[in-house]
There are 4 protein chains.
Amino acid sequence: MRVRLGMVGGGQGAFIGAIHRIAARMDGQFDLVAGALSSDPKRARASAADLGIRSYADFAEMAQAEAARPDGIEAVAIVTPNHLHAAPAIAFLNAGIHVICDKPLAATPAEAEAIAAAAASSSARFFLTHNYCALPMVREARARVADGALGQLRLVQAEYLQGWLSEPAPGNKQAEWRTDPARAGAGALGDIGTHAWQLAVFVTGQTPDRISADLSSMVPGRPIDDDARVALRYASGAKGGLWASQVAVGQENGLSLRLFGTKGALEWRLSDSERLIFTPKDGPAQILTRAQDRSASYRTPPGHPEGYLEGFANLYSDVARIIRGDDSLADRVPGLGDGLSGMAFIAAAKASATRDGAWVEVGA
Amino acid sequence: MRVRLGMVGGGQGAFIGAIHRIAARMDGQFDLVAGALSSDPKRARASAADLGIRSYADFAEMAQAEAARPDGIEAVAIVTPNHLHAAPAIAFLNAGIHVICDKPLAATPAEAEAIAAAAASSSARFFLTHNYCALPMVREARARVADGALGQLRLVQAEYLQGWLSEPAPGNKQAEWRTDPARAGAGALGDIGTHAWQLAVFVTGQTPDRISADLSSMVPGRPIDDDARVALRYASGAKGGLWASQVAVGQENGLSLRLFGTKGALEWRLSDSERLIFTPKDGPAQILTRAQDRSASYRTPPGHPEGYLEGFANLYSDVARIIRGDDSLADRVPGLGDGLSGMAFIAAAKASATRDGAWVEVGA
Amino acid sequence: MRVRLGMVGGGQGAFIGAIHRIAARMDGQFDLVAGALSSDPKRARASAADLGIRSYADFAEMAQAEAARPDGIEAVAIVTPNHLHAAPAIAFLNAGIHVICDKPLAATPAEAEAIAAAAASSSARFFLTHNYCALPMVREARARVADGALGQLRLVQAEYLQGWLSEPAPGNKQAEWRTDPARAGAGALGDIGTHAWQLAVFVTGQTPDRISADLSSMVPGRPIDDDARVALRYASGAKGGLWASQVAVGQENGLSLRLFGTKGALEWRLSDSERLIFTPKDGPAQILTRAQDRSASYRTPPGHPEGYLEGFANLYSDVARIIRGDDSLADRVPGLGDGLSGMAFIAAAKASATRDGAWVEVGA
Amino acid sequence: MRVRLGMVGGGQGAFIGAIHRIAARMDGQFDLVAGALSSDPKRARASAADLGIRSYADFAEMAQAEAARPDGIEAVAIVTPNHLHAAPAIAFLNAGIHVICDKPLAATPAEAEAIAAAAASSSARFFLTHNYCALPMVREARARVADGALGQLRLVQAEYLQGWLSEPAPGNKQAEWRTDPARAGAGALGDIGTHAWQLAVFVTGQTPDRISADLSSMVPGRPIDDDARVALRYASGAKGGLWASQVAVGQENGLSLRLFGTKGALEWRLSDSERLIFTPKDGPAQILTRAQDRSASYRTPPGHPEGYLEGFANLYSDVARIIRGDDSLADRVPGLGDGLSGMAFIAAAKASATRDGAWVEVGA
């Protein structure tokens with residue numbers, strides 16, 4: 001039986017809301033039935049009408065009403081700007097409705113803690129859509145590391161490079177809130193840096209314990225970071241680097257992860273997302289494809305490219321199965337821990353940058 | 001309003017039926033409401049129950065019943081093996097229901113002609129899911145050729161290489177009917193050669209007028225071709241080659257198209273489907289991405305990979321809009337003409353191969 | 001002790017002569033000491049003076065004089081246009097001087113036979129500089145095929161694509177003689193098609209026994225082929241294709257070889273010449289580099305790219321060692337057999353093309 | 001007339017000496033005539049005999065004797081381990097003989113200063129073989145930056161990754177001195193980090209003014225750095241990263257440079273050294289090849305790969321022409337300035353690493 005889904009945000013013209021809807025639809029495991037799709041009541045109504053779903057002017061009202069209906073939503077997708085994650089997340093968690101929240105977790109540490117507190121006292125679950133970690137070759141990368149294919153991990157390099165903010169972008173709604181400190185909390189660091197961070201943590205199974213950061217606003221007058229360079233140190237002795245930039249001209253979505261251990265290396269790039277390069281210490285590099293993947297996170301045979309939407313859909317489908325009781329998948333679906341880790345990363349990076357790159361403990 | 005869709009074939013365990021359903025779901029433009037999902041009545045019923053749709057034991061009954069309902073299906077997807085395309089296609093066309101048929105058109109020329117006759121006398125439309133031509137960079141390639149970016153076309157090379165049939169595959173249901181002359185009509189030639197043919201015709205806007213073919217059964221005892229090499233001659237003086245193989249070990253879905261004209265060249269590969277290489281005669285090669293695409297056939301920004309399913313969904317979404325009255329898209333959605341061209345290609349290739357590669361006119 | 005080398009052709013402004021000289025110099029195994037560098041006596045003298053070597057106005061005189069000197073040349077490089085290979089080759093072979101001849105062997109079958117006769121009755125050896133087969137990853141490819149890594153060979157695809165002759169090139173000295181039937185003998189077929197042919201024969205260890213060819217002159221008015229498409233059939237049942245073109249706009253030197261057998265596949269491209277992709281039937285593709293090469297045909301560690309000149313130098317260095325008595329290398333250095341095979345390929349392709357692509361036996 | 005060349009170091013079994021000899025030979029502009037090829041007199045003699053050159057037991061004696069001969073060497077190549085650069089360099093500079101020195105300049109700042117002092121008071125010139133900057137596409141990259149193709153430079157990322165020292169390598173002569181602080185001065189930082197540094201400085205035309213470094217010895221017990229991560233800040237406001245590692249398993253010679261400016265981006269990788277990717281801000285990426293190069297630093301047409309040895313030979317040929325009086329090339333041949341810059345980089349990185357990554361001025 002399909003999971004009944006609601007949505008907060010994602011009205012007409014929104015970007016990430018449409019992505020979540022496709023992801024929810026793809027494998028036929030959800031029915032979108034209700035939404036508070038916009039803070040503008042008229043736009044909220046029109047958007048809901050387009051989709052043929054129940055419309056609410058307000059997420060709080062929606063949480064209450066849906067919880068009360070026998071056929072009310074079982075889960076809600078929160079696809080608002082970062083500073084508007086906490087309030088609805090808490091409302092639905094308090095109403096016992098599962099939350100699927102876009103990343104990063106929140107705009108401020110205080111909001112993040114409030115979400116964590118609500119989750120702790122709720123019977124409902126909290127999921128965070130770090131979508132890249134649901135791609136099959138990323139899941140295979142993680143499995144290889146866990147299997148010991150790299151031996152002891154030594155070097156980590158994670159990058160997420162974009163060029164779309166290399167100039168001021170007045171009138172671009174996406175650019176506007178993402179470069180507004182009040183709504184976004186952080187710039188490149190939060191928007192894409194947290195993806196790179198989560199990817200590295202997810203695949204390696206290790207979280208850096210100290211970082212040193214250099215944050216820049218390369219575009220004159222921009223009030224938020226658009227380039228973030230972070231050095232990483234792990235308790236194990238491994239070292240790494242994380243580079244997130246939105247002024248890397250010509251880069252569309254240059255997300256990549258490179259790992260080197262005592263016994264082998266792994267390299268994955270979003271621009272070639274269906275391949276994973278594994279190089280054992282004493283042999284040739286191998287081009288792994290879904291033919292070598294063991295996560296079965298796909299719908300088509302190897303060589304028929306799947307991509308961004310399918311990764312998102314992998315998360316949604318796992319969430320549906322978890323909601324229906326299959327807890328075996330919980331381990332690979334990002335959740336509150338990932339969200340708090342991302343917030344700790346942002347906070348530590350900002351603290352380090354303020355102190356000219358001093359090493360700062362993560363999560364301290 | 002969503003298009004009400006039915007399906008023939010595609011019951012539990014089927015491959016291409018599931019793909020069609022995802023494609024129909026992806027953009028929220030269809031509701032699958034009825035199906036004759038299997039020739040095995042029990043499996044048909046169980047499959048329909050899984051999907052929560054009306055079930056029919058028989059496509060003929062379904063065509064009649066659905067045509068009679070006020071809320072009956074408006075379109076039907078036919079996803080049966082090749083030799084079972086004609087009968088249902090004709091039944092639904094006769095019932096005034098639009099047909100979305102998997103490729104190739106049929107297993108025999110006679111079946112193809114019967115479909116053509118039914119289409120000619122029906123008010124309903126006929127679509128053929130040559131999905132690759134709906135990928136954005138393929139559409140952009142076609143637009144470039146039409147714009148004259150290549151000048152006069154001289155050389156064409158189309159390939160579709162797979163390795164999955166490099167050995168006998170007893171017990172593999174997909175392999176079984178695809179290597180059975182009675183059900184498939186042709187082997188590599190029909191299954192993937194027609195994709196390469198349609199791709200080349202679609203992008204170049206030209207159909208070869210004579211071909212010379214060498215068909216092989218590389219796996220001992222296989223009663224159908226598993227490797228097809230076809231030389232192409234165009235009325236314009238251009239020449240080309242088409243190579244389809246299912247015994248190319250290690251190749252997953254090695255579909256590619258290379259074009260060379262007097263003024264420039266284009267190269268596209270499914271393994272890197274989001275990029276199109278354009279080389280003007282006197283300048284460096286350019287790596288085109290969706291940032292340069294003009295067909296707007298996608299859902300996500302450039303650099304977020306879309307793939308096979310999105311291509312399929314592009315077709316479905318165009319079909320929905322055509323059915324709802326937007327004829328401007330009809331030109332880019334494959335239909336009966338593509339199906340008949342593919343059948344003519346198969347027939348000419350077989351005739352040439354029988355005569356040791358003599359040049360044979362296509363469609364004569 | 002270095003081998004004393006002479007040269008016929010290769011005067012000021014010549015292309016391939018300069019390449020041969022670098023190749024001879026690279027590993028310090030030759031001293032160039034004499035030359036008949038041009039048919040224009042003045043240019044011959046000036047060119048020799050530049051190089052500080054003995055100058056001859058005439059190759060016949062040179063052969064005689066050098067054979068008579070105690071410190072005369074031991075080997076001669078012949079780097080003239082194709083129709084001027086036979087006469088000097090025969091003169092030096094008759095004088096007991098080893099010949100290193102540029103490819104193809106000759107402009108006509110009659111010339112080729114005359115060379116073969118001279119070689120048969122000479123104490124000196126004959127080498128042909130099909131340079132690509134001396135690249136380390138090509139040698140490794142050959143070793144893998146010989147080891148059985150591909151199992152039984154089924155499919156062969158060889159290509160050599162260039163774009164530099166996509167237009168008439170008046171005043172270009174290289175283009176002039178290469179498109180003159182009298183001096184070149186064949187166009188794309190001879191100039192680069194023979195490279196692709198030799199590469200395929202060298203790596204697979206098999207020579208096609210029948211071929212079917214389509215030769216074109218895509219540039220209006222060109223008196224020689226500039227595009228050659230050849231279908232290949234092997235006695236073993238393997239099939240293949242060879243495509244050589246000089247009108248493939250944007251292609252610099254697109255030489256490639258793809259092989260598929262029952263147990264694995266190999267792919268090599270000159271544009272990425274230091275890598276060889278090997279795909280076993282049941283595992284991921286492997287990116288082989290010189291770290292996996294067993295021929296030791298290089299001077300630098302893997303990852304420091306070597307290329308065209310080093311390949312040429314590999315041939316020269318092997319020739320020097322063969323001349324000094326190490327016959328173990330003779331097997332991997334192309335010679336008269338390769339030259340005659342190339343001539344048989346040209347002749348059969350022309351015969352087939354004349355008969356509209358009829359299958360013609362090679363070498364019959 | 002060829003330049004008479006001597007060599008210090010590079011006896012039998014040496015690696016880089018053989019490379020220098022090939023480079024000097026390739027374009028026929030040098031005659032190697034004398035050497036002090038080893039500190040072991042017997043090996044020195046035997047090595048010289050192999051090469052047929054004058055042998056000296058001692059570089060000091062050689063400098064004196066050669067300076068006194070009318071046919072004495074005009075230039076000397078110094079290819080000893082780092083700590084043995086200064087003494088011979090000074091001796092030959094004092095003797096008025098041009099010096100071609102392998103990189104890095106020296107093992108200690110004191111040695112570097114002594115060389116600089118000797119160069120300042122000598123009539124002879126000093127060249128440093130940072131070979132990668134002589135590759136044609138690197139020279140073209142530099143020309144593009146100088147032309148303003150990138151606009152204002154914002155981001156720099158330079159990497160040189162190797163894996164060959166990922167384990168202790170007892171008995172490997174190359175590994176031995178390169179991991180010995182006394183002989184090498186620095187590990188990955190000096191051996192390959194200086195290459196990456198020089199490459200970035202050469203192409204961008206800018207030197208970072210402050211750096212922050214993290215140096216590691218990943219292999220337990222190794223007394224020298226084998227992984228160096230350096231953050232870069234430029235006076236212009238640009239920022240960057242430099243990563244040099246010798247424990248990056250599977251990497252052969254992973255040298256790369258990525259630059260992003262306000263108007264465009266450039267990317268070059270040694271693993272694909274004949275291509276340079278240029279992406280203008282508002283258009284598709286372009287794959288530049290030697291067809292677009294303006295430095296004319298090659299011997300063969302585009303598409304015939306040249307590589308490491310040809311880059312080295314480019315330096316040698318430029319040096320020969322400079323020695324013969326063509327000063328127009330001096331700007332593109334690395335020299336003392338590059339050497340001192342590299343030493344300043346090493347010193348600043350060590351100072352920063354000692355202070356846990358504090359920002360340190362370069363060259364202060």
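Residues numbered from 1 in each chain as written. Chains lettered and ligands numbered in written order. Predicted model: local features only at pLDDT ≥ 70, side-chain atom pairs only at ≥ 80, totals over all residues. Heavy atoms only, no water.

As annotated in an unreviewed UniProt entry, chain A carries the name Gfo/Idh/MocA family oxidoreductase and is attributed to Paracoccus limosus.

A. Layout of the overall build of chain A. A count of helical and extended segments in chain A gives eleven helices and 15 strands. Scaling as 2.2 N^0.38, a compact globule of 364 residues should have a C-alpha radius of gyration of about 21 Å, and chain A matches this with 20 Å. Projected onto the principal axes, the alpha-carbon positions of chain A cover approximately 60 × 50 × 40 Å. Taken across its 364 residues, chain A has 64% of its residues classed as buried. A separation of at least 24 residues holds for 68% of the contacts in chain A among residues at least 6 apart in sequence. Roughly 11,900 Å² of accessible area belongs to chain A as shown, and the carbon and sulfur atoms make up 52% of that amount. (Helix = DSSP H or I, 4+ residues; strand = E, 2+ residues; numbered from the N terminus. Rg over C-alpha atoms; globule rule 2.2 N^0.38 Å. Buried < 20%, exposed > 50% of the residue type's maximum accessible area, 1.4 Å probe, protein only. Contact = heavy atoms within 4.5 Å. Areas by Shrake-Rupley, 256 points an atom, 1.4 Å probe, with all protein chains shown as cover.)

B. Region of the structure containing the relation of the copies chain A and chain D. Here chain A sits on chain D after a turn of 180° about the axis and a move of 0.0 Å along it, with an RMSD of 0.0 Å. Both copies of the chain, as the preceding transformation shows, are related through a two-fold rotation axis. (Least-squares fit on C-alpha atoms with pLDDT ≥ 70 in both.)

C. Structural view of the UniProt feature "domain: Gfo/Idh/MocA-like oxidoreductase N-terminal" (unreviewed entry) in chain A. UniProt's entry tags residues 4-129 of chain A with the feature "domain: Gfo/Idh/MocA-like oxidoreductase N-terminal" (unreviewed entry), counted in the numbering of this structure. Secondary structure across residues 4-129 of chain A divides into 42% helix and 20% strand, with the first and last C-alpha atoms of the span separated by 18 Å. (UniProt positions renumbered as here; feature names shortened; annotations may be inferred.)

D. Structural view of the relation of the copies chain D and chain B. With an RMSD of 0.0 Å, the fit of chain D onto chain B corresponds to turning through 180° and sliding 0.0 Å along the axis. An overlap of 100% is found between the interface residues of chain D and their copies at the interface of chain B, pointing to a shared contact surface.

E. Just the interface of chain A and chain D, in detail. Every contact between the two is made by 43 residues of chain A and, on the other side, 41 residues of chain D. Summed over the shared surface of chain A and chain D, the result is ten salt bridges. Residue Lys239(A) is joined to Asp214(D) by a salt bridge in which the shortest nitrogen-to-oxygen separation is 2.8 Å. The interface formed by chain A and chain D includes 16 residue pairs in polar contact (both at pLDDT 80 or more). Listing elements by their share of the side of chain A that touches chain D, those giving two or more residues are strand S7 (153-161), strand S8 (210-216), strand S9 (227-233), strand S10 (239-245), strand S11 (254-261), strand S12 (264-269) and strand S13 (276-280) of chain A. For the side of chain A that touches chain D, the element with the highest residue contribution is S7(A), accounting for six residues. Looking at side-chain class alone, the side of chain A that touches chain D contains 16 nonpolar, 13 polar and 14 charged residues. (Salt bridge = Lys/Arg side-chain N within 4 Å of Asp/Glu carboxyl O. Polar contact = N/O pair within 3.5 Å; in protein donor to acceptor, adjacent residues only side chain to side chain. Nonpolar A, V, L, I, M, F, W, Y, C, P; charged D, E, K, R; others polar.)

F. Expanded view of the side chain of Glu274(B). If you trace the backbone, Glu274(B) turns up in the loop between strand S12 (264-269) and strand S13 (276-280). In contact with Glu274(B), not counting residues within four places along its chain, are Pro136(B), Met137(B), Leu288(B), Thr289(B), Arg290(B), His304(B), Pro305(B) and Glu306(B).

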